[in-house]
There are 2 protein chains.
Amino acid sequence: MSKGITSRSEDYSQWYNDLVIKADLAEYSAVRGCMVIKPYGYGIWERIQAILDKRFKETGHSNAYFPLFIPKSFFSKEASHVEGFATECAVVTHYRLKNDGNGQIVVDEDAKLEEELIVRPTSETIIWNTYKGWIESYRDLPILVNQWANVVRWEMRTRLFLRTAEFLWQEGHTAHATKEEAVAEANQMLEVYADFAENTLALPVVRGRKTENERFAGALDTLCIEALMQDGKALQAGTSHFLGQNFAKAFDVKFTNREGKQEHVWATSWGVSTRLMGALIMAHSDDQGLVLPPKLAPIQVVIVPIYKTDEEKANIDSFVTSLQAELKSKDISVKYDDRDTQRPGFKFAEWELKGVPVRVAVGARDMQNGTVELARRDKQTKETVGQEGLSNRIQLLLEDIQQHMYQKAFDFRETHTTEVNSYEEFKQVIETKGGFVSCHWDGAVETEKRVKEETKATIRCIPLDAKDEEGVCIFTGKPSARRVLFAKAY
Amino acid sequence: MSKGITSRSEDYSQWYNDLVIKADLAEYSAVRGCMVIKPYGYGIWERIQAILDKRFKETGHSNAYFPLFIPKSFFSKEASHVEGFATECAVVTHYRLKNDGNGQIVVDEDAKLEEELIVRPTSETIIWNTYKGWIESYRDLPILVNQWANVVRWEMRTRLFLRTAEFLWQEGHTAHATKEEAVAEANQMLEVYADFAENTLALPVVRGRKTENERFAGALDTLCIEALMQDGKALQAGTSHFLGQNFAKAFDVKFTNREGKQEHVWATSWGVSTRLMGALIMAHSDDQGLVLPPKLAPIQVVIVPIYKTDEEKANIDSFVTSLQAELKSKDISVKYDDRDTQRPGFKFAEWELKGVPVRVAVGARDMQNGTVELARRDKQTKETVGQEGLSNRIQLLLEDIQQHMYQKAFDFRETHTTEVNSYEEFKQVIETKGGFVSCHWDGAVETEKRVKEETKATIRCIPLDAKDEEGVCIFTGKPSARRVLFAKAY
């Protein structure tokens, strides 16, 4: 099959678009900025959902569901929230269409809503309005709830998975009796995300804190995980917010504490979205297509038979049947691609494009020799190995691929994180090498804005593990106590 | 705890509302007609999703995701579809709010959409517009795709789970090369639903076909499963539609067949929704609260300790720890409710209200005697049994409860299905006893409408297993070849 994927060196952005389309992950729909997530892409998202959902439940959270629509007035209740979210969103104004008598379907002006409804861009407001009814005393706390849902943010420039008008995500919304407990929750969920990114997505991330400028609208503190893509741009892969009592105050949610006094409730929210699909693609894939980490791949092993006669095929089938059973008993997902409509070379290319970690090819001669050809997607290497003990070998190979993919991405990030001590150096690295730039910053919003205007780089985060280090801001020369990470970002 | 549930005999409708609220299943939100599904209710929905999703995948389907919004013009393309759906739906007309300068957030009239967007009430149109790009040849068929999503239908009178403006559902949309294959798919999915209803929900259903009058807007044939609630009203629990080539023609979706000729594609769609939650509640529950079939219950067994001293508690704890481990090894979900903030009686009432199938109570005297008290929710009975072999006994008990709940609902339906041969008899049964009324009907849409106007009863379905039987329509006296099922319905 002809892949038709632009190479990364030629045009990284086009490579990404080609890959998403050609690997059957997603496509644009007839609705501006909205995507269709195709079955293969959705299968990967289902794996992300299943693994995260399990971790949320292990940490005591339950799922629930809140309305798609939010009354317009709710947005005005939390001052900084409205600035961040109310501007670019889909507004429902009517609840009926009608036939205009000339065979045209038009909006029925008699069916105008008294108050416009906003299609949720995030659910803090409707959820805190609900929590008001759930919370009376400290005995009702904590509330540890998550929602898997679609949200809409009216983006003008969209890219599949990375920035779409509608996207899928999860949003956790928790309520606590104390500030300490809420802060601990926000930290815990950041670590859940970081662990998932590193151990499942094979994606090394920097755990950090956003500056005031990049903070979630309505949060007192936004924690984040930041990953580096192969083009040297950063991607925010998840956020966890400590919201203080902002939403509790906006929606008047109080509880009676153990001492019998009324207090406002403390809150967190945290989310990851289908954007993770973009991170996954851009961190690992190559010019031949997708490269999926084994722990996330919907299909971990594909088996392709190579034969000329029905007899050869029957012989291979019988071997494959027992191999499949062995792999399944080890919880390894396997697909036997014995379509008779396509040649082996076409199948090789297709599964390579779709990023299946391990390919087993077995032909008539292999059957005579008791061998198979074993290929790994990440390194693009293959070898002939014995059929004896094959499922054990594949299990180890999958672990090795997972580890190698992480290490490769980690090494890339290490070589693309540069410490600089002057603005000249800073600009040069941002413009040529890219990646994370570690430098001193004076802590001022204004400085960050100026640097962004001049270089398009933003502060991705103040790393949580940043060491105390006396220094001076590369832009203003003012004193600084620790380094921050700048980068151009998605 | 005081349950505050109206009894069924007093006011069935109020009993339902009370139960949904008090058992923490769902509540109304600040948005007209939209519900909040609370964690306990959502946990039941997650079980429904998991079990059905597995069956969809076993029958070869994959999940995907299509846009929330549908361009208005799409609805006009399939003539009967627009009549059914375009009238009562949420319409997005603008994509931005703004601050009006006086601190008020208003809709920005400069951000008016060129074409209004409909929040999907069902996705046939946007999906068939998408399938056009996926299908060229018979090799691209069949497409077997399902979507789990939220949909919006602007209902004027709403009831939690049964009829809400926004609800959650799954919608399968398949594309086939032949009529026969599409018909077989629609039949297969009806059987998946029926089997799920009967074997998981413990809900006996009639498999049937809708009359023209009740058919899905755009379908050539609508198959359904119909269940009977305890108040004698019917509830449609799932539908599977054979759409013919209607949507393929509306969206110009053709394929090249094996003979090289262009043909329109054949279609089905099928869905169940959070309405199933309503069916589940109304079919089984009693005046004490929810009664959940074991195969669906998020918690199958609750264990309540009864103790006075820490020593007694420690002794019980150690027994419970090993019981929990045994139950978990049998895939039985168990909760140990050892909250020290509530008394045993409160806990008994709470878990009864929430419908947990089996309760184990164990006190200090039980520990001396080597016994526990074992209570089953469905029959409201309890007995003292030995600790020896308890997990086996519980496993058998859960199976017995599942079976008994089905049988009870089945017997109720049998005694509430009445054959009548005159309109007088018909009216009397509909008005007094309720339930399904089996009678002859002349096949005319007009007759069905007249009967509905006069009695509020509709034809729920023409049962698939209806025997050929010569008769005359109870309303018009015209000839009829088989009986149909009438009932008042939700």
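The rules we used
- The numbering scheme is per chain: residues are counted from 1 as the chain's sequence reads.
- To label them, take the chains in the order written and letter them from A, then take the ligands in the order written and number them from 1.
- Given that the model is predicted, a residue must reach a pLDDT of at least 70 before its local features are reported, and side-chain atom pairs must reach 80 or more before they are shown or counted; all residues, however, enter totals for whole chains, interfaces and linings.
- With hydrogens and water set aside, each side-chain value is computed from the structure's full complement of heavy atoms.
- We call two residues in contact when some of their heavy atoms are within 4.5 Å.
- Buried area is understood as the total, over both parts, of accessible area removed when two parts are fitted together, assessed with a 1.4 Å probe.
- Here, a salt bridge means any side-chain nitrogen of Lys or Arg that lies within 4 Å of a carboxyl oxygen of Asp or Glu.
- Identification of polar contacts relies on pairs of N or O atoms within 3.5 Å, with a donor-acceptor requirement for protein atoms, meaning one able to donate a hydrogen and the other able to accept it, and with residues adjacent in sequence counted only if both atoms are side-chain atoms.
- Each helix corresponds to a stretch of at least 4 residues labelled H or I by DSSP, and each strand to a stretch of at least 2 residues labelled E; elements are numbered beginning at the N terminus.
- Note: two strands are recorded as paired if DSSP finds a minimum of 2 bridges between them.
- UniProt positions are given in the numbering used here, feature names are shortened, and annotations may be inferred rather than shown by experiment.
- Exposed residues in this analysis have more than 50% of their type's maximum accessible area, buried residues have under 20%, and partly exposed residues fall in between, with area computed by a 1.4 Å probe over protein chains only.
- Call a crossover right-handed when, viewed with both strands pointing away from you, the route from the first strand across the helix to the second goes clockwise.
- Computed over the protein atoms alone on a 1 Å grid, cavities are sets of points where a 1.4 Å probe fits but cannot get out and pockets are open sets with protein on both sides within 12 Å along at least five of seven lines; a residue lines them when it has an atom within 4 Å of a point.
- Grid points are joined across faces, edges and corners, and a volume is the space filled by probe spheres set on the points.
- Nonpolar residues are Ala, Val, Leu, Ile, Met, Phe, Trp, Tyr, Cys and Pro. Charged residues are Asp, Glu, Lys and Arg, and all others, Gly as well, are polar.
- Copy-to-copy alignment: least squares on C-alpha atoms, limited to residues at pLDDT 70 or above in both.
- Each axis is a line fitted through C-alpha atoms, and for a helix only the stretch in contact is used; angles between axes span 0 to 180 degrees, taken between their N-to-C directions.
- Aromatic rings from Phe, Tyr and Trp, taking only the six-membered ring of Trp, are treated as a pair when their centres fall within 6.5 Å; an angle between ring planes under 30 degrees marks them as stacked, one over 60 as edge-to-face, and anything in between as tilted.
- Charge-over-ring contacts are defined here by two conditions on Lys NZ or Arg CZ: a distance within 6 Å of the ring centre and an angle within 35 degrees of the ring normal.
- We call a pair of cysteine sulfur atoms a disulfide whenever their separation is within 2.5 Å.
- The definition of a nonpolar core used throughout is a set of buried Ala, Val, Leu, Ile, Met, Phe, Trp, Tyr and Cys residues joined through side-chain atoms within 4.5 Å.
- Here a crossing is called left-handed whenever its near helix is offset anticlockwise from the far helix by less than a right angle, and right-handed whenever the offset is clockwise.

### Comments concerning the interface of chain A and chain B
Part 1 of the reasoning: With 59 residues of chain A in contact, the opposing surface of chain B contributes 59 residues.
Part 2 of the reasoning: When chain A packs against chain B, close to 4900 Å² is buried across both sides, 69% of that on carbon and sulfur atoms.
Part 3 of the reasoning: It is Tyr65, Tyr95 and Leu97 of chain A in chain A that bury the most area against chain B; as a group they hold 14% of the surface buried on that side.
Part 4 of the reasoning: On the surface where chain A and chain B come into contact, there are 2 salt bridges.
Part 5 of the reasoning: Lysine 57 of chain A serves as the salt-bridge partner of glutamate 46 of chain B, at 2.9 Å between the closest nitrogen and oxygen.
Part 6 of the reasoning: Linking chain A with chain B are 26 residue pairs in polar contact (both at pLDDT 80 or more), by the criterion used here.
Part 7 of the reasoning: Top contributing element to the side of chain A that touches chain B by residue count: strand β5 (residues 88-99) of chain A, with 10 residues.

### As for the environment of lysine 261 of chain B
Residues and elements named next belong to chain B.
Part 1 of the reasoning: Relative to the helices and strands, lysine 261 resides in the loop between β13 (254-256) and β14 (262-264).
Part 2 of the reasoning: The spacing of lysine 261 and serine 137 is 124 residues in sequence and 9.6 Å in space, taken between C-alpha atoms.
Part 3 of the reasoning: With near-sequence residues (within four places) excluded, lysine 261 lies in contact with Phe255 and Thr256.

### Digging into the sheet that holds strand β12 (residues 234-244) of chain B
Residues and elements named next belong to chain B.
Part 1 of the reasoning: Spatial ordering of the open sheet is given by β3-β8-β9-β15-β12-β11-β10-β23-β26-β22-β21, a layout of 11 strands whose pairing is mixed. Two strands in the sheet have a free side with no partner beyond their single neighbour: β3 (62-63) and β21 (417-419).
Part 2 of the reasoning: One ladder, built from 8 bridges, connects strand β11 (residues 221-228) with β12; its direction is antiparallel. Residue pairing across strands places alanine 227 opposite leucine 235, the latter belonging to β12.

### A closer look at the UniProt feature "domain: Aminoacyl-transfer RNA synthetases class-II family profile" (unreviewed entry) in chain A
Part 1 of the reasoning: This chain's UniProt record puts "domain: Aminoacyl-transfer RNA synthetases class-II family profile" (unreviewed entry) on residues 27-293 of chain A.
Part 2 of the reasoning: Helix makes up 29% of residues 27-293 of chain A and strand 34%, whereas the separation of the span's terminal C-alpha atoms amounts to 22 Å.

### Quick notes on the pairing of strand β15 (residues 266-273) of chain B
All names here are of chain B.
Part 1 of the reasoning: For β15, the buried fraction is high: 8 of the 8 residues fall into the buried class.
Part 2 of the reasoning: Taken together, the 8 bridges between strand β9 (residues 166-176) and β15 define a ladder with antiparallel strand orientation. Following the sheet pairing, glutamate 171 is matched in β15 by glycine 271.
Part 3 of the reasoning: Pairing of β12 with β15, which is carried by 5 bridges, proceeds in the antiparallel orientation. Of the residues in β15, the one forming a bridge with histidine 241 is serine 269.

### Some thoughts on the environment of aspartate 411 of chain A
Part 1 of the reasoning: Mapped onto the elements, aspartate 411 of chain A comes out in helix α12 (residues 390-415).
Part 2 of the reasoning: Linking aspartate 411 of chain A and proline 204 of chain A, residues 207 residues apart in sequence, is a C-alpha distance of 9.5 Å.

### What about the pairing of strand β16 (residues 301-306) of chain A?
The side chains of a regular strand alternate, first on one face of the sheet and then on the other.
Residue and element names in this part refer to chain A.
Part 1 of the reasoning: Along β16, 5 of the 6 residues are buried, which leaves the element largely enclosed by surrounding structure.
Part 2 of the reasoning: Two strands pair when backbone bridges link them, and β16 and strand β17 (residues 334-336) are joined in this way by 3 bridges, in the parallel orientation. The partner of valine 301 across the bridge, within β17, is valine 334.
Part 3 of the reasoning: In this view, the connection linking β16 to its parallel neighbour β17 by way of helix α9 (residues 310-329) has right-handed handedness.
Part 4 of the reasoning: Relative to strand β18 (residues 358-363), β16 is paired through 6 bridges, and the arrangement is parallel. Pairing of valine 301 across the sheet is with valine 358, part of β18.

### A few points about empty space enclosed by the protein
Part 1 of the reasoning: On inspection of all chains with the given rule, the structure shows 1 cavity of 30 Å³ or more.
Part 2 of the reasoning: By volume, the largest cavity amounts to about 40 Å³.
Part 3 of the reasoning: Looking at the largest cavity, the residues that line it are Met35, Ile37, Glu166, Phe167 and Leu168 of chain A together with Tyr65 of chain B.
Part 4 of the reasoning: Sorting the residues of the lining of the largest cavity by element identifies β2 (35-37) and β9 (166-176) of chain A as the ones contributing at least two each.
Part 5 of the reasoning: When residues of the lining of the largest cavity are assigned to their parent elements, the largest contribution, 3 residues, is made by β9 of chain A.
Part 6 of the reasoning: Taken together, the residues of the lining of the largest cavity sort by class into 5 nonpolar, no polar and 1 charged.

### Considering the relation of the copies chain A and chain B
Part 1 of the reasoning: Superposition of chain A onto chain B requires a rotation of 180 degrees combined with a translation of 0.0 Å along the rotation axis, giving an RMSD of 0.0 Å. Both copies of the chain, as the preceding transformation shows, are related through a two-fold rotation axis. Minimal C-alpha separation from the rotation axis in chain A is found for valine 92 of chain A, amounting to 2.1 Å.
Part 2 of the reasoning: Mapped onto chain B, 100% of the interface residues of chain A again fall at the interface, so both copies present the same surface.

### Overview of unusual backbone geometry
Part 1 of the reasoning: Cis geometry is found at the peptide bond from leucine 141 of chain A to proline 142 of chain A, where omega equals -5 degrees.
Part 2 of the reasoning: Locating proline 142 of chain A in the fold gives a position in the loop between α5 (124-134) and β8 (143-152).
Part 3 of the reasoning: One non-glycine residue, glutamine 380 of chain A, adopts positive backbone phi at about 55 degrees.
Part 4 of the reasoning: Its place among the elements puts glutamine 380 of chain A in the loop between β19 (371-376) and β20 (381-386).
Part 5 of the reasoning: On the basis of relative accessibility, which here comes to 38%, the residue glutamine 380 of chain A falls in the partly exposed class.
Part 6 of the reasoning: Phi is positive for phenylalanine 161 of chain B, which is not a glycine, with a value near 70 degrees.
Part 7 of the reasoning: Note on phenylalanine 161 of chain B: relative accessible area 2%, which makes it buried.

### Looking at helix α8 (residues 275-284) of chain A
Residue and element names in this part refer to chain A.
Part 1 of the reasoning: Counted residue by residue, α8 has 10 buried out of 10 residues, so it is predominantly covered.
Part 2 of the reasoning: The complete set of buried residues in α8 reads Arg275, Leu276, Met277, Gly278, Ala279, Leu280, Ile281, Met282, Ala283 and His284.
Part 3 of the reasoning: For α8, the elements touching its buried residues are α1 (12-22), α2 (39-58), α6 (179-199), β12 (234-244), β15 (266-273) and α12.

### Points about the sheet that holds strand β19 (residues 371-376) of chain B
All names here are of chain B.
Part 1 of the reasoning: Judged by pairing direction, the sheet is mixed, and its 5 strands sit side by side in the order β17-β16-β18-β19-β20 without closing on themselves. Of all strands in the sheet, those bounded by a partner on one side alone are β17 (334-336) and β20 (381-386). With strand direction ignored, the average angle separating the axes of adjacent strands in the sheet is 25 degrees.
Part 2 of the reasoning: Where β19 and β20 come together, 6 bridges link them in antiparallel fashion. Each residue of the ladder has a partner; that of threonine 371, found in β20, is glycine 386.
Part 3 of the reasoning: Along the sheet face, helix α9 (residues 310-329) touches β16 (301-306), β17, β18 (358-363) and β19 and points at about 170 degrees away from the line of β17.
Part 4 of the reasoning: The strands touched by helix α10 (residues 344-353) within the sheet are β16, β17, β18 and β19, with β16 carrying the most contacts at an inclination of about 170 degrees.

### So, the side chain of histidine 173 of chain A
Residue and element names in this part refer to chain A.
Part 1 of the reasoning: When you line up the elements, histidine 173 lands in strand β9.
Part 2 of the reasoning: Looking at histidine 173, the relative accessible area reads 1%, which means it is buried.
Part 3 of the reasoning: Engagement of the side chain of histidine 173 in a polar contact is seen with the side chain of glutamate 171, the distance being 2.8 Å.
Part 4 of the reasoning: Excluding anything up to four places from it in sequence, histidine 173 contacts Ser123, Glu124, Ile127, Tyr131, Ile143, Val145, Thr268 and Ser269.

### Notes on the packing of aromatic side chains
Part 1 of the reasoning: Applying the stated criterion to the full structure yields 36 aromatic pairs over all chains.
Part 2 of the reasoning: Look at tyrosine 131 of chain A and tryptophan 134 of chain A: their rings are 5.4 Å apart centre to centre, the planes differ by 40 degrees, and that puts the pair in the tilted class. Pair noted here: tyrosine 131 of chain A and tryptophan 134 of chain A are both in helix α5, with a separation of 3 residues, about one helical turn.
Part 3 of the reasoning: Ring plane angle 85 degrees and centroid distance 6.0 Å describe the contact between phenylalanine 167 of chain B and tryptophan 169 of chain B, whose orientation is recorded as edge-to-face.
Part 4 of the reasoning: Judged by its relative accessible area of 11%, tryptophan 169 of chain B is buried.
Part 5 of the reasoning: Ring pairs connect the aromatic residues Trp45, Phe56, Trp148, Tyr193 and Trp270 of chain A, which therefore count as one cluster.
Part 6 of the reasoning: The ring of tyrosine 307 of chain B carries the charged tip of lysine 313 of chain B above its face, separated from the ring centre by 5.8 Å.

### Focus on the state of the cysteines
Part 1 of the reasoning: Throughout the structure, instances matching the rule amount to 0 disulfides over all chains.
Part 2 of the reasoning: Left unpaired, cysteine 439 of chain A is separated from the closest cysteine sulfur, that of cysteine 473 of chain A, by 7.4 Å.
Part 3 of the reasoning: Judged by its relative accessible area of 0%, cysteine 439 of chain A is buried.
Part 4 of the reasoning: Cysteine cysteine 89 of chain B shares no disulfide, and the gap to the nearest cysteine sulfur, in cysteine 34 of chain B, comes to 14 Å.

### Focus: the nonpolar core
Part 1 of the reasoning: Among the nonpolar cores identified, the biggest contains 104 residues, and Phe69 and Trp128 of chain A together with Phe69 of chain B are the most heavily contacted of them.
Part 2 of the reasoning: Setting aside its immediate chain neighbours within four residues, tryptophan 128 of chain A contacts Thr174, Ala175, Phe247, Ala248, Phe251, Val253, Val265, Trp266 and Ala267 of chain A.

### Digging into the packing of helix α1 (residues 12-22) of chain B against helix α8 (residues 275-284) of chain B
Residue and element names in this part refer to chain B.
Part 1 of the reasoning: Remark: α1 packs on α8, axes separated minimally by 11 Å, with the N-to-C direction vectors making an angle of 115 degrees. Judged by the sense of rotation from one axis to the other, the crossing of α1 with α8 is right-handed. On α8, the residues that touch Tyr12, Trp15, Tyr16, Leu19 and Val20 of α1 are Gly278, Ile281 and Met282.
Part 2 of the reasoning: Residues belonging to the contact of α1 with α8 are distributed by class as follows: 7 nonpolar, 1 polar and no charged.

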